[in-house]
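Listed below are the residues making up each chain.
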Amino acid sequence: MNICALSTAKGGAIAVIRVSGPDAIGIADKLCVPFGKGKSLAEAKGQSLHYCRFMNGEETVDDVLVSVFRAPQSYTGENSVEISCHASPYVITTILQTLINGGCRQALPGEYTQRAFLNGKMDLSQAEAVADVIASTNAATHRMAMSQLRGNFSSELAQLREKLLHLTTLMELELDFSDHEDLEFADRTELLQLSQTIYDHISRLANSFKTGQALKHGVPVAIVGKTNVGKSTLLNRLLHEDKAIVSDIHGTTRDVIEDTINLRGIDFRFIDTAGLRETDDAVEQIGIERTRKKLSEAAIVLWLIDEDPTTESLSEIKSEIKPTQKLIIVRNKIDRLGMQNAECRMQNNSKIDNNTQPNSASCIQHSALIELSAKEGTNIDLLEDAFVTAADIPEIKENDIIVTSARHYEALLKAKEALQRVLSGMNMGIPTDLLSEDLRLCLSHLADITGGEISTDEVLGNIFSHFCVGK
């Protein structure tokens, strides 16, 4: 079946319409008339460009450039044509409708990339990376996606599978020759060491998912505190726009407000929450419940106060957060303070350390404490530095392998669990045939990532349905 679709976003000067399928070149040849003495598209070589008139019957729709790609040297692995035309809505609609009348149908979301996968142009992890390249918003997410698209992740998995296959082969050979007690194909210590090496490698890949999610979706930062301490004012200052309503009335923010900014190449997803307090207002209570939910999901918790923190108040906020979350304490409204606490503020604006405990109410020695004025913008740069430090995101290089897909992460966890059973079984002396079954499971889970054992249309449809039309 031949498919066609607009592959460029609306709003530009030029549009590209992509056609793919066994008769793609023939369909385009009937509709595109070369200027001068140019060859017809049917005679054109692959990877060639042609200046033509696109015709709808006797009417010239537009002067176009037509790129011809012959199978298998194309994105999809099929005969393909890309028509560059002016981005007039009328021109685009007319060309697409003419192509459909000529034997094409409208492509489904992600269908071009799905065909590339089915035709062996890329494996499944590379196909999924195409969407990540399109969606990349900064240098780090672009590098991660390009590394996966180039096959670095696939190569890593191929090496792991090769080691697993070697391990499985040795164990199954022992099963085949179990009657010969004098034959030993591998020392048990060697098998255990090899299994542990593979397990550690899979663990490192799985552990990178946290970094991948932070870079792909933004590091979630929950801004919490009592009512009227300036949470909405601080959010507006960070976003450089009036996103949240600011008022002197307590309980103004009754729902969660979210937005994203980029700091030092890292996306941060800020969440302004309802003020934490006891209230009889049913609507505000719902907002406070949502605050606690978002608080539990955040990687960084910004606790905003407008007075000196005490040991009791610090203990209270720490009871709300998990040990894995980073806590940054921010004292707002320093524009209202005199100079009596200036020396204390100088000491506090240093580095992040969530283990230091306060020793007094007047001059707290907590290195996570930053004092600023959200209203005036004072020390906002110090707070931004603290976010970057707390995020603790490593610099992503061109060939670094970072797992960003929840599907890949789940498969790695399953592979890791299967291999953990192998390690435990070896230590407990469990029979080789039972260990071999878990090794095969581990191989199967790793194959799921690259698509080696995925055969159902339902699974593929779910993966590619999230792509944009035209890709």
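Attention in this report is confined to the structure presented alongside it. Worth saying up front: this structure is predicted, and the values here are computed from it rather than measured. (Residues numbered from 1 in each chain as written. Predicted model: local features only at pLDDT ≥ 70, side-chain atom pairs only at ≥ 80, totals over all residues. Heavy atoms only, no water.)

## Examining the overall build of the protein
As a reminder, the rule being used: Secondary structure counts use DSSP, requiring at least four H or I residues in a row for a helix and at least two E residues in a row for a strand, with both numbered from the N terminus. Categorising residues by exposure relies on relative accessible area from a 1.4 Å probe, with only protein chains included: less than 20% of the type maximum marks a residue as buried, more than 50% marks it as exposed, and the intermediate range marks it as partly exposed.
For the protein, the count of helices and strands is 16 helices and 13 strands. Buried residues in the protein amount to 47% of all 471 residues.

## Focus on the packing of aromatic side chains
The condition that has to hold: A pair of aromatic rings is counted whenever rings of Phe, Tyr or Trp (Trp by its six-membered ring) have centres within 6.5 Å, and the orientation is called stacked for planes under 30 degrees apart, edge-to-face for over 60 and tilted otherwise.
Tallied over the entire structure, the rule returns five aromatic pairs. Plain terms: the ring middles of F209 and Y409 are 4.1 Å apart, the flat faces sit at 10° to each other, and that makes the pair stacked. On the criterion of sequence distance, the pair formed by F209 in helix α8 (residues 209–217) and Y409 in helix α14 (residues 406–428) is long-range, its members being 200 residues apart. You can call Y409 partly exposed: its relative accessible area is 27%. Linked through ring pairs, F268, F270 and F387 together constitute an aromatic cluster.

## Structural notes on helix α5 (residues 139–149)
Here is the rule: A 3.5 Å cut-off defines polar contacts: any pair of N or O atoms within that distance qualifies, except that in protein one atom must be a possible hydrogen donor and the other a possible acceptor, and neighbouring residues in sequence count only when both atoms are side-chain atoms.
For α5, every residue scored as buried is listed here: A140, T141, M144, A145, M146, S147 and Q148. Sitting at the head of α5, N138 places a side-chain oxygen 3.1 Å from the backbone nitrogen of A140. Looking one or two places after α5, you find G151, whose phi comes out positive at around 95°.

## Topic: the sheet that holds strand β13 (residues 369–371)
The following threshold applies: Each pair of strands is called paired provided DSSP finds at least two bridges between the two strands. Every axis in this analysis is a line fitted to C-alpha atoms, fitted for helices over the stretch in contact. Angles between the N-to-C directions lie between 0 and 180 degrees.
The six strands lie next to each other as β9-β10-β8-β11-β12-β13, forming an open sheet whose pairing is mixed. Looking at which strands have only one partner, the edges of the open sheet turn out to be β9 (257–263) and β13. Across the sheet, the mean angle separating the axes of adjacent strands is 25° when strand polarity is ignored. Of the pairings in the sheet, the one linking strand β8 (residues 219–224) to strand β11 (residues 300–305) comprises four bridges and is parallel in character.

## Notes on the nonpolar core
What counts, and what does not: Put simply, a nonpolar core is a bunch of buried Ala, Val, Leu, Ile, Met, Phe, Trp, Tyr and Cys residues held in one set by side-chain atoms that sit within 4.5 Å of each other. Only heavy atoms enter the contact rule, under which two residues are in contact if any of them lie within 4.5 Å.
Membership of the largest hydrophobic core comes to 34 residues, with the highest contact counts inside it found for L234, F268, F270, L302, I328, L383 and F387. Element by element, the count of residues in this core is highest for helix α13 (residues 380–391), at six residues. If we ignore the near neighbours within four places in the chain, the residues touching F387 are V221, L238, L263, F268, F270, I300, L302 and I328. In this structure, L157, F209, V403 and L446 belong to the second largest nonpolar core, which totals 29 residues.

## A few points about the sheet that holds strand β1 (residues 2–6)
If you walk across this open sheet you meet the seven strands as β3-β4-β5-β6-β2-β1-β7, and the pairing is mixed. One side of each edge strand has no neighbouring strand; the edge strands of this open sheet are β3 (32–34) and β7 (104–106). The mean inter-strand angle of the sheet, taken between neighbouring strand axes irrespective of direction, is 35°. As judged from the seven bridges shared by strand β2 (residues 14–20) and strand β6 (residues 80–86), these two strands associate in the antiparallel manner. What sits directly across from S20, in β6, is S80.

## Considering the environment of S436
Tracing the sequence through the fold places S436 in helix α15 (residues 432–450). Counting along the chain gives 267 residues from S436 to T169, while the straight-line C-alpha distance between them is 8.9 Å.

## Brief notes about the side chain of D62
To keep things clear, this is the line we draw: Working convention for charge: Lys and Arg count positive, Asp and Glu count negative, and His plus the chain ends are omitted. Any Lys or Arg side-chain nitrogen found within 4 Å of a carboxyl oxygen on Asp or Glu counts as a salt bridge.
On the secondary structure map, D62 appears in strand β5 (residues 59–69). The buried charged residue D62 lacks any salt bridge partner; its closest oppositely charged side chain belongs to R53, at an N-O distance of 11 Å. Within polar-contact distance, the side chain of D62 engages the backbone nitrogen of H86 at 2.8 Å. Setting aside residues up to four positions removed in sequence, D62 forms contacts with C52, R53, F54, C85, H86 and V91.

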